[in-house]
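A closer look at the structure
Here's the letter readout for the chains.
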Amino acid sequence: MAAKTVELARLGDIVVEKKYGMTYEEFSEKHLFGNYPVVIGDACKDWSAKNKFTPEYFKTVYGDRKIVVQGNNYTLSEYIDLMMVATEDNPAPYPCKLQIDRDYPELLPDVTPRFMYALPDRITSKLLPNNFLGGADTLEIFFGSPGGQFPYIHYDYMCLHAYITQIYGQKEFTVIPPEQTPYVYPKANNVWVSEVNDVRNPDLEKYPLFAKATPVSFVVGPGETLFIPCGWWHTARSLTATISVALDCLNASNWKNFMNEVDIKLNQRRPLIAKAAHAYLSALGGVLNTSEKIGISV
Ligand SMILES: O=C(O)CCC(=O)C(=O)O
Ligand SMILES: [Fe+2]
């Protein structure tokens, strides 16, 4: 049992809890392999980002970096000014994302160590060709303003697990379980994106089955990490100015789901390659299971 557990939201069968002092065993059984979301109250306790990543810090150190948000060009300084004065009724465009690995590698130590709950991770395995990840960005910083809402309901690309750590300000998340996929209207050629784009004000005439879905909302605050397991539909909305760090994870617990996404993607265009890829990933899954058991990274 986690040392301390707080209930954040309950709707029907769905209960979202915040846990402190959770053992890896509990996380693995109930959440990672149980495929069930949880807010981890203390996953990032060793990150220097916790105190360092403030709007002032990014404005001072990276203010002149050029960014693009929803098709508009800004400097980071301009965006941060906007995000600090924006209101719920007049939000700054969202999401504003920085890719740590590619553009801000010097910030990696601030989000290190990778917390144990997001291990083992196969995304960086030398045996997994990058193409299989379909260009997914797997370590990003998000900036947002009050009212800034993620533009669509989705599950994470390629069925990766997501860990979103709130560093600054408060964000409301809404999750919908994978079993409710029939009510969510996945896009025909982007099965991980819902056609229903506003979870708070869905167009029920156009999407009547969505009325049967039970979206559950709760707030995540500074120092807290939301684990969104693969296949769970979700979206987010900032309640204040926010800075979050999002990372993805792939391991034995979502390997089958990941393979299924690769199948869907390749079968649409290249069925023969899809077969070969399936065979390769099947074998690789076995190799990685073994290497993780004996603690060797390949
Ligand atoms: O923090 C957010 O706005 C949600 C981000 C998200 O779900 C994603 O990038 O996949
Ligand atoms: Fe996501």
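Remember, it's a predicted structure, so these values are computed and weren't measured experimentally. (Residues numbered from 1 in each chain as written. Chains lettered and ligands numbered in written order. Predicted model: local features only at pLDDT ≥ 70, side-chain atom pairs only at ≥ 80, totals over all residues. Heavy atoms only, no water.)

1. Some remarks on the overall build of the chain
Within the chain one finds 7 helices and 15 strands. Relative to the globule expectation of 19 Å for 298 residues, the C-alpha radius of gyration of the chain, 19 Å, shows essentially globular dimensions. When the backbone C-alpha atoms are referred to their principal axes, the chain occupies close to 55 × 50 × 40 Å. The buried share among the 298 residues of the chain stands at 51%. Long-range contacts, defined here as pairs at least 24 residues apart, represent 76% of the contacts in the chain between residues at least 6 apart. (Helix = DSSP H or I, 4+ residues; strand = E, 2+ residues; numbered from the N terminus. Rg over C-alpha atoms; globule rule 2.2 N^0.38 Å. Buried < 20%, exposed > 50% of the residue type's maximum accessible area, 1.4 Å probe, protein only. Contact = heavy atoms within 4.5 Å.)

2. Thoughts on the coordination of the iron ion (ligand 2)
Only His154 (NE2), Asp156 (OD) and His234 (NE2) from the protein coordinate the iron ion (ligand 2), and they sit 2.0 to 2.1 Å from it. All donor residues of the iron ion (ligand 2) come from one chain, and their arrangement in sequence is H-x1-D-x77-H. Here Asp156 falls in the buried class, since its relative accessible area comes to 16%. (Donors = N, O, S within 2.8 Å, 3.2 Å for Na, K, Ca; no water.)

3. Focus on the site of ligand 1
All residues adjacent to ligand 1 are Tyr94, Phe142, Phe150, His154, Asp156, Ile164, Lys171, Phe173, His234 and Ala236. Contact between ligand 1 and Tyr94: an oxygen atom at 2.4 Å from a side-chain N or O atom of the residue. A distance of 3.1 Å separates an oxygen atom of ligand 1 from a polar atom in the side chain of Asp156. For ligand 1, the accessible surface in isolation is 290 Å², of which the surrounding protein chains cover 92%. The class makeup of the residues in the shell around ligand 1 is 6 nonpolar, 2 polar and 2 charged. (Near = heavy atom within 4 Å. Polar contact = N/O pair within 3.5 Å; in protein donor to acceptor, adjacent residues only side chain to side chain. Areas by Shrake-Rupley, 256 points an atom, 1.4 Å probe, with all protein chains shown as cover. Nonpolar A, V, L, I, M, F, W, Y, C, P; charged D, E, K, R; others polar.)

4. Quick look at the packing of aromatic side chains
Inspection of every chain in the model, using the stated rule, returns 24 aromatic pairs. An angle of 70 degrees between the planes, with centres 5.1 Å apart, marks the rings of Phe53 and Phe58 as edge-to-face. Exposure remark for Phe53: the relative accessible area of 1% places this residue in the buried category. Classification of Phe58 by relative accessible area gives buried; the value is 0%. Considering the side-chain rings of Tyr152 and Trp192, the 6.3 Å spacing of their centres and the 80 degrees angle between planes classify their relative orientation as edge-to-face. A residue pair is termed long-range when its members are at least 10 positions apart, and Tyr152 in the loop between β7 (139-144) and β8 (161-168) and Trp192 in strand β11 (residues 190-194) qualify at 40 residues. Residue Trp192 is classed as buried on the basis of its relative accessible area, which comes to 17%. Clustering of aromatic rings is evident, with ring pairs tying together Phe27, Trp47, Phe115, Tyr117, Tyr163 and Phe227. (Phe/Tyr/Trp six-rings, centres within 6.5 Å; stacked < 30°, edge-to-face > 60°.)

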